[in-house]
Amino acid sequence: MDLNLKGRAAAVAAASAGLGFASALTLAREGCRVAICARNEDRLQAAADRIREETGSEVLALVADMSDAEAPGAFIQAATDRFGGLDIAVANAGGPPSGEFADKTDTEWALALQLNLMSAVRLFRSALPHVTASDQGRLVAITSVSAKHPMESMVLSNATRTGVHGVIKTLSMELAETGTTVNAVCPGVTKTDRLDELAQQAADQKGITVEEAFAERAATVPLGRLGDPMEFGAAVTFLCSRQAGFITGIGLAVDGGFAGSLP
C-alpha cells in the first residue's frame with residue numbers, strides 16, 4: 001500500500017528512543033524526510049544514524065528539551081528551514097513522575113504541564129502554518145492510554161494527557177476546512193525505557209523482581225503481552241497517510257485492549 005509519504009517532511013519530537021524513535025523510523029521507512037530532537041546528544045545522533053542507515057532517508061537531528069518554552073518552536077523552524085516546508089508534526093515528550101495526588105507539589109504540577117501539555121501546544125502552534133499549507137497536513141500527539149483509562153498512581157499523566165486530548169479535538173474542528181487532520185495516539189503497556197522505569201518503581205515498592213513487575217503489567221493486557229514500539233510507530237504512520245485523510249479528532253489506543261473505556 002502506497003501511503004503517499006515519499007518525500008514528505010516530518011518533525012518528530014523526543015525521538016531518540018522509544019515511541020518517538022519508532023514513529024520517526026517508520027515514517028522514514030515510508031520515504032519521509034524526518035527531523036528528530038531529544039535532550040541527550042549522543043543518543044540523538046545514534047538514533048539519527050540508525051534511521052539514515054536503515055532507510056536512506058534524510059534526517060535532521062536537533063538537541064532540544066520539549067519542556068523548554070522556546071524549544072518546540074525552534075525545532076519546527078529548523079525542520080522547515082531544512083526541508084522547505086512541513087507536512088507532519090508529531091508532538092511527544094517523556095512522561096511525568098508517577099505518584100499519588102496528595103504527594104504532588106505545585107512545582108511538580110507545573111513541570112508536568114510544561115512537559116506534557118504545553119510542549120504539544122507549542123509544537124502544534126509553530127507547525128500550524130506549515131502543515132495547513134500542505135495537501136496532506138498531519139498533526140499527531142503521542143499521549144497515553146491514561147487519557148482514556150486513568151491509571152493508579154499516575155495522576156500527573158492522567159490529568160495532563162487528558163488536556164492534550166482536549167486540544168486535539170478542538171483543533172481538529174478548527175482545522176477541518178483546511179484538510180489537515182489532528183489526532184492522538186495512545187500507547188498502552190509498551191516495552192520502552194519509560195516502562196522499564198515504572199517496572200523498577202513497582203518492583204521496589206512491592207519487594208518483587210523487575211521481571212515479576214513486567215509480568216504483572218503484561219497480565220493486565222487482554223492480548224497477554226507487552227506492546228512493541230514498532231507496532232505503535234505503524235499506527236502513527238498510518239494516521240499520517242493519504243488513506244487516513246478522513247480520520248481526525250480521535251485518540252487511537254494502541255494498547256492490546258487494555259483501556260476499559262468505550263472506543
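Residues numbered from 1 in each chain as written. Predicted model: local features only at pLDDT ≥ 70, side-chain atom pairs only at ≥ 80, totals over all residues. Heavy atoms only, no water.

Trainee: Would you mind showing me how to read the pairing of strand 1 (residues 9-12) here?
Mentor: Walk down a regular strand and you will see the side chains alternate between the two sheet faces. Here strand 1 shows two buried faces, one formed by A9 and A11 and the other by A10 and V12. With helix 1 (residues 18-29) bridging strand 1 and its parallel neighbour strand 2 (residues 33-38), the resulting β-α-β unit is right-handed. (Buried < 20%, exposed > 50% of the residue type's maximum accessible area, 1.4 Å probe, protein only. Helix = DSSP H or I, 4+ residues; strand = E, 2+ residues; numbered from the N terminus. Right-handed = clockwise from strand over helix to strand, strands pointing away.)

Trainee: I keep staring at the side chain of T160 and nothing clicks. Help me out?
Mentor: Inspection of the secondary structure assignment puts T160 in helix 5 (residues 155-174). Those residues in contact with T160 that lie beyond four places of it in its chain are A112, L113, N116 and L117. (Contact = heavy atoms within 4.5 Å.)

Trainee: Explanation requested: the sheet that holds strand 4 (residues 88-91) in the structure shown.
Mentor: Pairing between sheet strands relies on hydrogen bonds along the backbone, with the strands arranged either parallel or antiparallel. If you trace the seven strands from one edge of the open sheet to the other, you get 3-2-1-4-5-6-7, paired in parallel fashion. Both outer strands of the open sheet, strand 3 (59-63) and strand 7 (251-254), are each paired with one neighbouring strand and no more. For this sheet, the mean inter-axis angle between neighbouring strands, taken without regard to orientation, is 15°. Against the sheet, helix 3 (residues 71-83) engages strand 1, strand 2, strand 3 and strand 4, with an angle of about 155° to strand 3. Here helix 4 (residues 106-131) sits on the sheet in contact with strand 4, strand 5 (138-142) and strand 6 (181-187), set at roughly 175° to strand 4. (Pairing = 2+ DSSP bridges. Axes fitted to C-alpha atoms, helices over the stretch in contact; angles between N-to-C directions.)

Trainee: What is the right way to look at helix 5 in this model?
Mentor: Residues spaced three or four apart along an α-helix face the same direction, because each turn holds 3.6 residues. In this model helix 5 runs 29 Å from its N-terminal to its C-terminal C-alpha over 20 residues, within 8% of the 28 Å that 1.5 Å per residue would give. Among the residues of helix 5, those classed as buried are V155, L156, S157, N158, T160, R161, V164, H165, I168, L171 and S172. In this structure, the buried side of helix 5 is in contact with helix 4, strand 5, strand 6 and strand 7. (Expected span 1.5 Å × (residues − 1).)

Trainee: How should the side chain of T143 be read in this particular structure?
Mentor: Within the element layout of this structure, T143 appears in the loop between strand 5 and helix 5. With relative accessibility at 4%, the residue T143 sits in the buried group. Separated by 2.9 Å, the side chains of T143 and H165 make a polar contact. What T143 contacts, discounting residues up to four positions off in sequence, is R161, V164, H165, A184, V185, C186 and P187. (Polar contact = N/O pair within 3.5 Å; in protein donor to acceptor, adjacent residues only side chain to side chain.)

Trainee: Could you clarify how one ought to interpret the state of the cysteines in this entry?
Mentor: Where two cysteines share a covalent bond between their sulfur atoms, that bond is called a disulfide. Per the counting criterion, the structure on display carries zero disulfides. Between C186, a free cysteine, and C240, which holds the nearest cysteine sulfur, the sulfur-to-sulfur gap is 14 Å. In this structure C240 is a free cysteine whose sulfur lies 7.1 Å from that of C32, the closest cysteine sulfur available. Relative accessible area serves as the criterion here: at 0%, C240 is assigned to the buried category. (Disulfide = S-S within 2.5 Å.)

Trainee: Explain the pattern of salt bridges to me, please; I cannot follow it from the model alone.
Mentor: In a structure, side chains of opposite charge can pair up when their charged atoms sit close to one another. Applying the stated criterion across every chain yields a total of eleven salt bridges. Measuring nitrogen to oxygen at the nearest pair gives 2.7 Å for the salt bridge that ties E58 to R82. With E58 in the loop between helix 2 (41-55) and strand 3 and R82 in helix 3, this residue pair connects regions lying 24 residues apart in the sequence. A residue is classified by how much of its surface remains accessible, and E58, at 31% relative accessible area, is partly exposed. Residue R82 is classed as partly exposed on the basis of its relative accessible area of 41%. Between D196 and K191 there is a salt bridge whose closest N-O contact spans 2.8 Å. Assessed through its relative accessible area of 39%, K191 is described here as partly exposed. (Salt bridge = Lys/Arg side-chain N within 4 Å of Asp/Glu carboxyl O.)

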